Amino acid sequence: GINAEYGGQQHTVYTPDFNDEAALEDVVKYSDVVVNLTGSHKPRLHHSFKDSNATLTHRIARACKNVGTPCFIHMSHINADYDSKSMYLKAKALSEEIVLHELPNAAIIIRSADCFHGWDEFSHYLARINTRKRLVQKGRTFIYKGGIFTYKQPVFGPDVMKAISRIITTPDQDRHRLYQFVGPKVYTLNEFMEAITSMTYRMYKPVFNPIRHMIEADIWRHENYIRYQMITDTPTYGLPGLEDVGIRPSAFEDVATAWLRNYRIFWQTWDPVDGQKSDIYGNSLGTGENF
């Protein structure tokens, strides 16, 4: 925002051409803090992972460098790694290096775990691979090695946004240059699936097929499968986190019902008369899947 005449805040929405560096400089030239949340979780028709997560970041960072922006906050990932099997995480590692190269004294890197919220890709992807199964399959869900070798520490998205707001309002001398935002609990992938299905009221039985794994990971190179099922979160001990900026991290079980209940079958609810949950798997009237 730009200070208005009487001390208020004037907010203007810009839609610059990201190929035009002069237009980018015009957007950021009055900013005390620039927060870079650009990026894409999947390649699109006209741009790759590198284009959306690294090249675009480079242009914005260079524009901030040219106009002398004093603080540039860049959102990365705790699993960002050049050697990762995930193209997204490779691009995030490259974007970190670019930002530190262009703005060595102004850059703040935030490494966040996978976020869960009402519009996330993480929890919705895991809920879909379970609920898209027909009920006759009794919850058999394809999970990498049964979900017992992958560990996740997801974080609530609004907590991350609140933390970024706290960093923005913190005096520069009190800011750290590297933050790490993770959730309050570590899950195996299997435990996280059990937490999801406890809210969707679906059966869940993990199964692993080496042939399908080869197809997903090596032939299709399915990004969601590689990133969310195969890669374990690897936080770095000792980095400042949510608590260090005054945010108490929210537990997945406390907030996720708000959106995961959308995956319940329409009559899979608590009966208000006898307080018992409907049995969708052995109901004589059918499953209700085709309604």
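Structure: above.
Residues numbered from 1 in each chain as written. Predicted model: local features only at pLDDT ≥ 70, side-chain atom pairs only at ≥ 80, totals over all residues. Heavy atoms only, no water.

Counting across every chain of the model gives 14 aromatic pairs. Consider the rings of Phe122 and Phe192, whose centres lie 5.1 Å apart with planes at 20°: the pair is stacked. Pair noted here: Phe122 is in helix H4 (residues 122-131) and Phe192 is in helix H6 (residues 189-200), with a separation of 70 residues, a long-range link. The burial state of Phe122 is the same as that of Phe192; both residues are buried. Linked through ring pairs, Phe116, Phe122, Tyr125, Phe156, Tyr187, Phe192, Tyr228, Phe252 and Trp259 together constitute an aromatic cluster. Against the face of Phe149 rests Lys145, its NZ or CZ located 5.9 Å from the ring centre. (Phe/Tyr/Trp six-rings, centres within 6.5 Å; stacked < 30°, edge-to-face > 60°. Helix = DSSP H or I, 4+ residues; strand = E, 2+ residues; numbered from the N terminus. Buried < 20%, exposed > 50% of the residue type's maximum accessible area, 1.4 Å probe, protein only. Lys NZ or Arg CZ within 6 Å of the ring centre and 35° of its normal.)

Turning next to the side chain of Gln153. Relative to the assigned elements, Gln153 resides in the loop between strand S8 (151-152) and strand S9 (155-156). A residue is classified by how much of its surface remains accessible, and Gln153, at 14% relative accessible area, is buried. In terms of polar contacts, Gln153 uses its side chain to reach the backbone carbonyl oxygen of Gly183, at 2.9 Å. Ignoring any residue separated from it by four or fewer positions in sequence, one finds Gln153 in contact with Ala113, Val182, Gly183, Lys185, Val186, Asp233 and Pro235. (Polar contact = N/O pair within 3.5 Å; in protein donor to acceptor, adjacent residues only side chain to side chain. Contact = heavy atoms within 4.5 Å.)

This part is about the pattern of salt bridges. Scanning the model with the defined rule gives 12 salt bridges in all. For Lys65, the salt bridge identified is with Glu102, shortest N-O distance 3.5 Å. Note that Lys65 is positioned in helix H2 (residues 49-67) and Glu102 in helix H3 (residues 87-102), a separation of 37 residues in sequence. Residue Lys65 is classed as partly exposed on the basis of its relative accessible area of 45%. Relative accessible area serves as the criterion here: at 9%, Glu102 is assigned to the buried category. (Salt bridge = Lys/Arg side-chain N within 4 Å of Asp/Glu carboxyl O.)

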